[in-house]
Amino acid sequence: MGFSFRRSVKLGGGLRLNLSKRGVGVSGGVKGARVSVGPRGTQVRVGRKGFEYRKTINGHSSRGRAKAGLIGEFFGLVGILVKLLVLLIIIVVVLVIVVNMLA
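Positions within a chain are numbered from 1, following the residues in the order the chain's sequence is written. In view of the model being predicted, local features appear only for residues whose pLDDT reaches at least 70, and side-chain atom pairs are presented and counted only at 80 or more, with totals across whole chains, interfaces and linings using the full set of residues. Only hydrogens and water are set aside when side-chain values are computed; all heavy atoms of the structure are taken into account.

A. Expanded view of the overall build of the protein chain. Here a strand is any run of E in DSSP of at least two residues, a helix any run of H or I of at least four, and the numbering for each starts at the N terminus. Within the protein chain, the regular secondary structure consists of one helix and six strands. The N-to-C order of helical and strand elements in the protein chain reads β-β-β-β-β-β-α. In the protein chain, which comprises 103 residues, the proportion classed as buried is 13%. Between two residues, a contact is recorded if the distance between any of their heavy atoms is within 4.5 Å. Of the contacts made within the protein chain by residues no fewer than 6 positions apart, 11% connect residues no fewer than 24 positions apart. Counting every atom, the protein chain has about 8,300 Å² of accessible surface; 66% of that belongs to carbon and sulfur. Whether a residue is buried, partly exposed or exposed follows from its accessible area with a 1.4 Å probe, protein chains only, as a fraction of its type maximum: under 20%, in between, or over 50%, in that order. Surface exposure here means Shrake-Rupley accessible area, sampled with a 1.4 Å probe, where a residue is shielded only by the protein chains that are shown.

B. Up close: unusual backbone geometry. Residue K49 is not a glycine yet carries a positive backbone phi of 55°. For K49, a relative accessible area of 77% corresponds to the exposed category.

C. Structural context of the pairing of strand β4 (residues 33-38). Residue alternation in β4 divides its side chains into a buried set, R34, S36 and G38, and an unburied set, A33, V35 and V37. Strand pairing is defined by DSSP finding a minimum of two bridges between the two strands. Note: strand β3 (residues 24-30) against β4, five bridges, orientation antiparallel. Its bridge partner lying in β4, V30 is registered against A33. Two successive antiparallel strands, β3 and β4, enclose a turn made up of two residues, where G32 displays a positive phi of approximately 95°. Where β4 folds back onto strand β5 (residues 41-48) in an antiparallel hairpin, the turn is made up of two residues.

D. Focus on the sheet that holds β5. The sheet built from six strands is open, its strands ordered β1-β2-β3-β4-β5-β6 with antiparallel pairing. In the strand order of this sheet, the two ends are held by β1 (6-12) and β6 (51-58), each with one partner. Neighbouring strand axes in the sheet, compared pairwise and without regard to direction, differ in orientation by 20° on average. Examined bridge by bridge, β4 and β5 share six bridges and lie antiparallel to one another. Its bridge partner being in β5, A33 is matched across the sheet by V46. As a rule, the C-alpha atoms of each element are fitted with a line to give its axis, helices using only the stretch in contact, and angles between N-to-C directions run from 0 to 180 degrees.

Here it is as structure tokens:
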């Protein structure tokens, strides 16, 4: 039995920061539907009450994933950091819009 680690941190507004042994990802959605971007690529999940449909749009499935070298790991980390930065910018813009609407 192998070691595993997974942690999800709620950011608000249906957004989550997902941490695992494989890397960092972000996901967003509503109850029953979620889009995730992370080390396994972009995934769309739809389902409720124990039944789920999951589709990987780009990336690798959990099986058959080739081991990336040091350079591949570096660029994978850079890509995730860029995605997190874009997500942070989107959150800030949405918050500014909401605050301006309430003021």
